[in-house]
Amino acid sequence: MDVIASCALGIDGNSLENPDSEYKKYIECIVDFSIRKGLACLTMNFNLWKKLDIPYLKPIPFVGNLKDTVLQKTNIGLFLKKVYDENQDKPYVGIFCFDQPCLVVVDLELVKNILIKDSHIFIDRVVRADEKVDPIMGKSLGLLKGRRWRHVRTKLEPSFSAGKTKKMFEQVEACATQLTRMLEETTADGSSVLVKDATMRYTMDVIASCALGIDGNSLENPDSEYRKYLAGIMDFSIRKGLASLTMFVCPALQSFFKLRFVEEDTSEFLRRLVWTTVEYRLTHAVYFANVTEVRIVSPGRKAHADQPAAGLAQKHGSERNDFLDRLIELMNQEKMDASNGTKTTMDSDDYVAQVFFFLLAGFETSSTTLCFSLYELALHPDIQQRVREEIARVLAPHQNKLTYDNLQELHYLDMVVAEAQRKYPILPFLDRRCERDYEIPDPHGSGTVILPAGTAVYIPIIGIQNNPKYFPNPEHFDPERFSKENKRNRSNLLHIPFGEGPRKCIGKRFGSMQVKTGLVHILSKYEVAPCKDTPIPLILDPKVFTLATKDKIPMTFIRRT
Ligand code: HEM
């Protein structure tokens, strides 16, 4: 105490000589964490909604309103749906995620303002990972903030254009062919298929091929190293469940408890995977007509010498056109900017982080969408048959060959996938943080209130898409809801499984392509049906922040002749 008094304040604290000094009394009082003081600290923000006269759920210390979510009795998406369902008479409702005040939006006009009209004020997500604790997650596009996000998004956007997506179709189709080959082997002795497992292996291989140009080999070899690490990312232990919950609702706790979403061995594996592939491409240099040199420094590895590539590129003259090509272009451009004196922001982990996020966002979302679609088709054989007839009709003039262009003509299939995504939005809520004070309509309709800068807002997609006011009998699976006419007669914001506004899913086109390609291949060869072990209804996993089932969903696949 005396050292601090002397060095911080230049005073003689005098506590050694006089145990009753005034200084000692006050310092002891500050550090005396009585239960009362601890509670006051944890509940400090609990009066915000009351002060603003905004309706709110009564919180309890430490967890706020997240008791059931922290105890992993429900997941955050289903909790937000409950709040949304129970507050239909209000435009929004305040909740507390731990001690943080957050707003759950109910009114559709406000949803539109947040996601589109005033998106410049709500450009950041709440979700955040401490870059020191979890660099690969923290630096990924999905979690980047402000200017850093805009910089990376602008550079990566062209990789997801219709033209670039079309160029990747062949790779996706090759994986779909491999998927049906794997199904053939599994079902040869009459065994049922674990659908969640099969669709995951398919989308993992697609994304390995299209993000990194490698053969993930998880369809043929379920024990491949690639599959082990990637499956591990979405394998939710209790600790991982807590890491993802705090990442979404209270990032400060994640830093404090050093909770990581991507474990260190997985981070190392990803670094090795990315840099070995980049190195291979540069030393073989078949791909980059416009890349002249790249210097890569991966943590834990020695720096590679700058490698001239242009000459060889001319020699071979081909491009692979996958996401890694775009990242290498970005690296090169950053390097040129740096040599021109422009400040650059990306380090080696920034590139690994983007690949990681494509893998994460690309395989889990698409495999689960494919899995839920197959599940509903199995329960609705009439709808399944109609999809199959459409596939046969559209493919017939093309020697039964699926192409990127005729995939776009499968309108009924599109309606089926849209309905599966309505009922089961894989990311059940959107999160945004307001950058500055923001005026919203008063909850009682009499004026406006100011939402303080930094407040988190949640848009419960799953609540909106399962609201009987917008989709009567929401539990019922009915693709007709997505007929042209029905779509014309309602707001686009009632169906947002890929999000909306400038921060919407960058991989929407690619994700839809891989889901539909998988479905066409499966349904052309198999009739899918529930078996005795198929869970009806599905039980959702409370530990996972996405919408995922606890079971692997066994189903029967009957080979069509
Ligand atoms: C059926 C498949 C998919 C679904 C349902 C889906 C859904 C979503 C949703 C809901 C968001 C948040 C949007 C928002 O906040 O408004 C998102 C963001 C994102 N998705 Fe997807 N996604 C899918 C496939 C993919 C694929 C295949 C990729 C990449 C290869 C991808 C990459 C991303 C990225 C990078 C973001 C963050 C964008 C940003 O913050 O700028 N997604 N996705």
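Residues numbered from 1 in each chain as written. Predicted model: local features only at pLDDT ≥ 70, side-chain atom pairs only at ≥ 80, totals over all residues.

Draft legend 1. A look at the sheet that holds strand E1 (residues 92–97). What the four strands build is an open sheet, ordered E1-E2-E7-E4; its pairing is mixed. Here the strands that pair on one side only, and so sit at the sheet edges, are E1 and strand E4 (430–433). Neighbour to neighbour, the strand axes of the sheet diverge by 30° on average, direction disregarded. Pairing of E1 with strand E2 (residues 100–105) involves six bridges; the strand directions are antiparallel. By the bridge assignment for E2, Phe 96 is matched with Pro 101. Seen against the sheet, helix H6 (residues 76–86) touches E1, E2 and strand E7 (456–459) and runs at an angle of roughly 60° to E2. (Pairing = 2+ DSSP bridges. Helix = DSSP H or I, 4+ residues; strand = E, 2+ residues; numbered from the N terminus. Axes fitted to C-alpha atoms, helices over the stretch in contact; angles between N-to-C directions. Contact = placed C-beta atoms within 7 Å.)

Draft legend 2. Local environment of the site of the ligand. Looking at the ligand, there are 25 residues lining it, with Ala 361, Gly 499, Cys 505, Gly 507 and Gly 511 nearest. Listing elements by their share of the shell around the ligand, those giving two or more residues are helix H19 (348–379) and helix H25 (508–525). Element by element, the count of residues in the shell around the ligand is highest for H19, at seven residues. Here the shell around the ligand is composed, by residue class, of 13 nonpolar, eight polar and four charged. (Near = placed C-beta within 6 Å. Nonpolar A, V, L, I, M, F, W, Y, C, P; charged D, E, K, R; others polar.)

Draft legend 3. Local environment of the packing of H19 against helix H22 (residues 411–423). The geometry of H19 relative to H22 is characterised by a closest axis approach of 9 Å and an angle of 105° between their N-to-C directions. Here H19 is positioned roughly perpendicular relative to H22, judged by the angle of their axes. On H22, the residues that touch Thr 369, Phe 372, Ser 373 and Glu 376 of H19 are Val 416, Val 417, Ala 420 and Gln 421. Looking at the contact of H19 with H22 residue by residue, the classes come out as four nonpolar, three polar and one charged. (Parallel < 35°, antiparallel > 145°, perpendicular 65-115°, else oblique.)

Draft legend 4. Broad picture of helix H7 (residues 108–117). Those residues of H7 lying buried are Val 111, Ile 114 and Leu 115. Around the axis of H7, the buried residues are gathered within 85° of arc, so they sit on the same side. The inward-facing, buried residues of H7 contact E2, E4 and E7. (Buried ≥ 20, exposed ≤ 12 C-beta atoms within 10 Å, placed from the backbone. Arc of directions from axis to C-beta.)

Draft legend 5. Summary view of the nonpolar core. Grouped together as the largest cluster of nonpolar side chains are 128 residues, with contacts concentrated most on Val 104, Val 105, Ala 211, Val 355 and Phe 356. For this core, the element with the most residues is H19, which contributes 18 residues. Dropping the residues within four chain positions of it, Phe 356 is found in contact with Ile 136, Ser 140, Val 262 and Leu 270. (Core = buried A, V, L, I, M, F, W, Y, C linked by C-beta atoms within 7 Å.)

Treat this as a map of the structure, not an account of what it does.
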